[in-house]
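# Topology and contacts: notes
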Amino acid sequence: MKAMTFVLFGATGDLAKRKIFPALFNLYVDQKLPASYAIVGVGRRTYTVAEFLRSVEQSVSDAAQRREVDSSCIHAFLSTIRYVSVDVTQKDDYLALLGQVIQCEQEWNLPQNRLFYLSVAPEFFDVIAGHIKASGLCETTGWKRLIIEKPFGRDLQSAEALNEKLCASFAEEEIYRIDHYLGKPMVRNLEAIEFANPIFQAIWNNKYIANVQITANETVGVEDRAGYYDHAGALRDMVQNHMLQLLMMIAMHLPNRINAKEIRKEKRKVMEAVRPMETEDVMRSVVRGQYGAGNLQGHSVVSYRDEPGVEADSMTDTFVALRVWIDDPLWSGVPFYIRTGKRIKEKSTKIIIEFKNPLEGSYRNQQTAPNLLILNINPEEGISLQVNQKNAAERGKLEPVTVDFSTDASQAPEAYELLLSDAIQGDSTYFAHWMEVKLAWKWVTPILEAFAQNQVPLHVYPAGSYGPQESAELLMEQGFSWWQDEEREREMSGVHSR
Ligand SMILES: NC(=O)C1=CN([C@@H]2O[C@H](COP(=O)(O)OP(=O)(O)OC[C@H]3O[C@@H](n4cnc5c(N)ncnc54)[C@H](OP(=O)(O)O)[C@@H]3O)[C@@H](O)[C@H]2O)C=CC1
Ligand SMILES: O=C1O[C@H](COP(=O)(O)O)[C@@H](O)[C@H](O)[C@H]1O
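Worth saying up front: this structure is predicted, and the values here are computed from it rather than measured.

We now examine the sheet that holds strand 1 (residues 4–9). Strand order in the open sheet made by the six strands is 3-2-1-4-5-6, with parallel pairing throughout. Taken across any chain shown, the strands that pair with only one partner, and hence form the sheet edges, are strand 3 (81–85) and strand 6 (175–177). Going across the sheet, the axis of each strand differs from the next one's by a mean of 20°, ignoring polarity. Pairing between strand 2 (residues 37–43) and strand 3: five bridges, direction parallel. Among the inter-strand pairings, isoleucine 39 is bridged to a residue of strand 3, identified as isoleucine 81. Contacting strand 2 and strand 3, helix 2 (residues 49–67) crosses the sheet at an angle of about 120° to strand 3. In the packing of helix 4 (residues 93–107) onto the sheet, contacts are made with strand 1, strand 2, strand 3 and strand 4 (114–118), and the angle to strand 3 comes to roughly 165°.

Moving on to the site of ligand 1. Taken together, 21 residues sit near ligand 1, with Thr12, Asp14, Arg18, Arg45 and Val120 positioned nearest. At 2.6 Å, a side-chain N or O of arginine 45 approaches an oxygen atom of ligand 1. Between ligand 1 and the protein, one listed contact pairs an oxygen atom with a backbone N or O atom of lysine 150 at 2.7 Å. Burial of ligand 1 by the protein amounts to 76% of the accessible area it has alone, namely 900 Å². Looking at the shell around ligand 1 element by element, the count peaks at three residues for helix 1 (residues 14–29). Looking at the shell around ligand 1, its residues break down into nine nonpolar, five polar and seven charged.

What tends to happen in soluble globular proteins is that the nonpolar side chains get buried as a cluster. The biggest cluster of nonpolar side chains holds 151 residues, and the ones touching the most others in it are Phe9, Phe21, Leu97 and Ile250. In this structure, phenylalanine 9 is in contact with Val42, Val88, Tyr94, Leu97, Phe116, Tyr117, Leu118, Ser119, Val120, Ile128 and Ile132, ignoring residues within four places of it in sequence.

Attention now goes to the sheet that holds strand 7 (residues 209–217). Within a beta sheet, neighbouring strands are joined by backbone hydrogen bonds and run either parallel or antiparallel to one another. Judged by pairing direction, the sheet is mixed, and its nine strands sit side by side in the order 16-15-14-13-7-12-11-8-17 without closing on themselves. Lying at the two open borders of the sheet, with one neighbouring strand each, are strand 16 (397–407) and strand 17 (458–462). Put simply, the sheet's adjacent strands are angled 20° from each other on average, direction ignored. As defined by bridge partners, strand 15 (residues 381–391) adjoins strand 16 across eleven bridges and the pair is classed as antiparallel.

Okay, the pattern of salt bridges next. Taken as a whole and assessed by the stated rule, the structure comprises 20 salt bridges. The partner of arginine 188 in a salt bridge is aspartate 422, and the shortest N-O contact between them spans 2.7 Å. With arginine 188 in helix 7 (residues 185–195) and aspartate 422 in helix 13 (residues 415–425), the pair connects residues that are 234 residues apart, well separated along the chain. The residues arginine 188 and aspartate 422 share a single accessibility class, namely buried. Residues arginine 323 and glutamate 477 are paired through a salt bridge, measuring 3.1 Å at the closest nitrogen-oxygen approach. Separated by 154 residues along the polypeptide, arginine 323 in strand 11 (residues 319–324) and glutamate 477 in the loop between helix 15 (469–476) and helix 16 (483–493) bring together distant segments of the chain.

Inspection of the region around ligand 2 gives Lys150, His180, Tyr181, Lys184, Glu218, Arg225, Asp237, Met238, His242, Lys342 and Lys347 as its neighbouring residues. A distance of 2.5 Å is found between an oxygen atom of ligand 2 and a side-chain nitrogen or oxygen belonging to tyrosine 181. In the model, an oxygen atom of ligand 2 is placed 2.8 Å from a nitrogen or oxygen of the lysine 347 side chain. Out of a free accessible area of 390 Å², ligand 2 has 83% covered by protein chains. Tallied by class, residues from the shell around ligand 2 come to two nonpolar, two polar and seven charged.

This part covers the UniProt feature "active site" (unreviewed entry) in the protein chain. What UniProt calls "active site" (unreviewed entry) maps, in this numbering, to His242. Structurally, histidine 242 can be placed in helix 10 (residues 233–251). Once residues lying within four places of it in the same chain are set aside, the contact partners of histidine 242 are Lys150, Asp179, His180, Tyr181 and Asp237. Within the local environment of histidine 242, its side chain forms a polar contact with the side chain of aspartate 179, the two groups lying 2.7 Å apart.

This part is about the side chain of aspartate 328. Of note, aspartate 328 is situated in the loop between strand 11 and strand 12 (336–341). In this structure, aspartate 328 is buried with no salt-bridge partner, the nearest side chain bearing the opposite charge being lysine 269 at 8.6 Å. Only 2.8 Å separates the side chain of aspartate 328 from the side chain of histidine 253, close enough to count as a polar contact. If sequence neighbours within four positions are ignored, aspartate 328 has contacts with His253 and Ala273.

Procedures and definitions
All residue numbers refer to positions counted from 1 along the written sequence of the respective chain. Whichever chain is written first becomes A and whichever ligand is written first becomes 1, with later ones labelled in order. Under the rules for a predicted model, residues below a pLDDT of 70 receive no local features and side-chain atom pairs below 80 are neither given nor counted, while totals for whole chains, interfaces and linings still include all residues. Side-chain descriptors were evaluated using all non-hydrogen atoms of the structure, hydrogens and water having been removed beforehand. Note on pairing: DSSP must find at least two bridges between two strands before they are called paired. Helix numbers and strand numbers start at the N terminus; a helix is a DSSP run of H or I with at least 4 residues, a strand a run of E with at least 2. Comment: axis = line fitted to C-alpha atoms, over the contacting stretch for helices; angle = value between 0 and 180 degrees taken between N-to-C directions. Any two residues whose heavy atoms approach within 4.5 Å at even a single point are treated as in contact. A single heavy atom is enough: if one lies within 4 Å of a molecule or strand, its residue is considered near that molecule or strand. Pairing of N or O atoms within 3.5 Å defines a polar contact, subject to two protein rules: one partner must be a possible hydrogen donor and the other a possible acceptor, and residues neighboring in sequence count only if both atoms are side-chain atoms. To measure how exposed things are, a 1.4 Å probe is used in the Shrake-Rupley method; for residues, cover is taken only from the protein chains shown. Each residue is assigned to one class: nonpolar for Ala, Val, Leu, Ile, Met, Phe, Trp, Tyr, Cys and Pro, charged for Asp, Glu, Lys and Arg, and polar for all the others, Gly among them. By nonpolar core is meant a set of buried Ala, Val, Leu, Ile, Met, Phe, Trp, Tyr and Cys residues that side-chain atoms within 4.5 Å join together. For every residue, the accessible area (1.4 Å probe, protein chains only) is compared with the maximum for its type, and the residue is labelled buried under 20%, exposed over 50%, or partly exposed between those bounds. Any carboxyl oxygen of Asp or Glu within 4 Å of a side-chain nitrogen of Lys or Arg constitutes a salt bridge here. UniProt positions are given in the numbering used here, feature names are shortened, and annotations may be inferred rather than shown by experiment. The positive count covers Lys and Arg only, the negative count covers Asp and Glu only, and His and the chain ends enter neither.

See below:
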């Protein structure tokens, strides 16, 4: 790993405190940072270095406790950090930043490898990239990289404009667009499940797969983010980025080689093959919902429109379900169902692959359940396979059982740790390439337009439910159902087989 200087814009912000500094600290403890490096925190407020380090110390204290490290370890980590107050809109302020970076490079004898992380509001992304270039921060004798937070634009046009501006300062291969779903260990694992297991690889196609169900349900509501969310909605907030990334990961074909270039090439091909939607398709294949008041895990919760900061007549989608077709020989005829919602009965991110069931009805007078491959992403992490077996206690009645493998999620590194470690090493496999982002925006555009013009009904669903009933109907049209909901209902009613 090459020695470097890590410049963190937004170092006094929420994300830096909650995720970035704890992740850097964990990497430090695990000796996954370069042998020599410096971190330069950039914020607007005029902190002294000591004040800034106190705030960093606070933000890594939980991680330090969990890792059972002593204060000397924390102080050693803090000793690598400096702070500069910069108004990112003021070009002259960047000279002080450049001075600090050069000073760090001299003090620690670091090559001019510079990693810039923009953890600031999106309206500053292009401004900062431009000033980094104009100030000379970009002129290095080593490498330079730019990590950029979400959201990457709010539609195709703004994303293109942002990308153009970033590309004036950084080349595509130097830009690392964060999608934190690509930092989740089980999402990274999808590629291995598909491509490192010949038995799955052999049946990963429309001959054997009946449908694929991708779910990211949350129990939380809009929280204190109405200012952003009420102008975004679930389609922009979750589908354009995270859900389509999951789709690309699960549907990509076997790459020629397992490396960043080939994997991203295959992901891009998936987005190119996703069937575009006309307005009529949107009306047939997309369900839009918004949570009403309800009861969630024993607590009454207010409707979305009654949340602080939300417009009383807001039409913002807090739930979206979609039926997606991929027009390529591998997936022709296989519906991919995607859904995501807030204030849903339980937190659950998973992908369920339902296999075709040619034996249905052929097993004497008994029904066989389809085989399911369940990829649990969050909060549980692991794989389950549903198979049929005879229950000896029930006179050999056939019933589905699951073979489970789960990992201890509490021991797995956090998404930001994995993403930061990758960017430091120059591995862009799990960052969104511009073409993926662009194609995803392009694909959601007709849906965004149909929502804006109210061409799709907004179904109100009770908080604590599985979303609007219409989302179940989307699957029923092909004779399917959301397996996860069925499973939960069965568990609750004490019935364990179909
Ligand atoms: N917070 C989260 O959970 C998540 C955040 N993100 C993304 O991360 C990014 C940062 O979010 P978050 O940390 O929540 O934002 P915050 O509002 O908490 O922090 C913003 C940061 O930007 C700095 N800043 C604001 N204006 C200026 C300026 N003119 N000059 C210099 N610095 C400035 C602030 O400095 P100061 O405090 O000194 O004013 C602060 O460090 C955003 O793109 C967001 O979309 C993505 C996923 C989750
Ligand atoms: O990016 C976002 O993701 C979170 C959900 O992330 P998860 O890791 O908890 O599944 C979502 O709550 C938020 O609205 C969105 O901006």
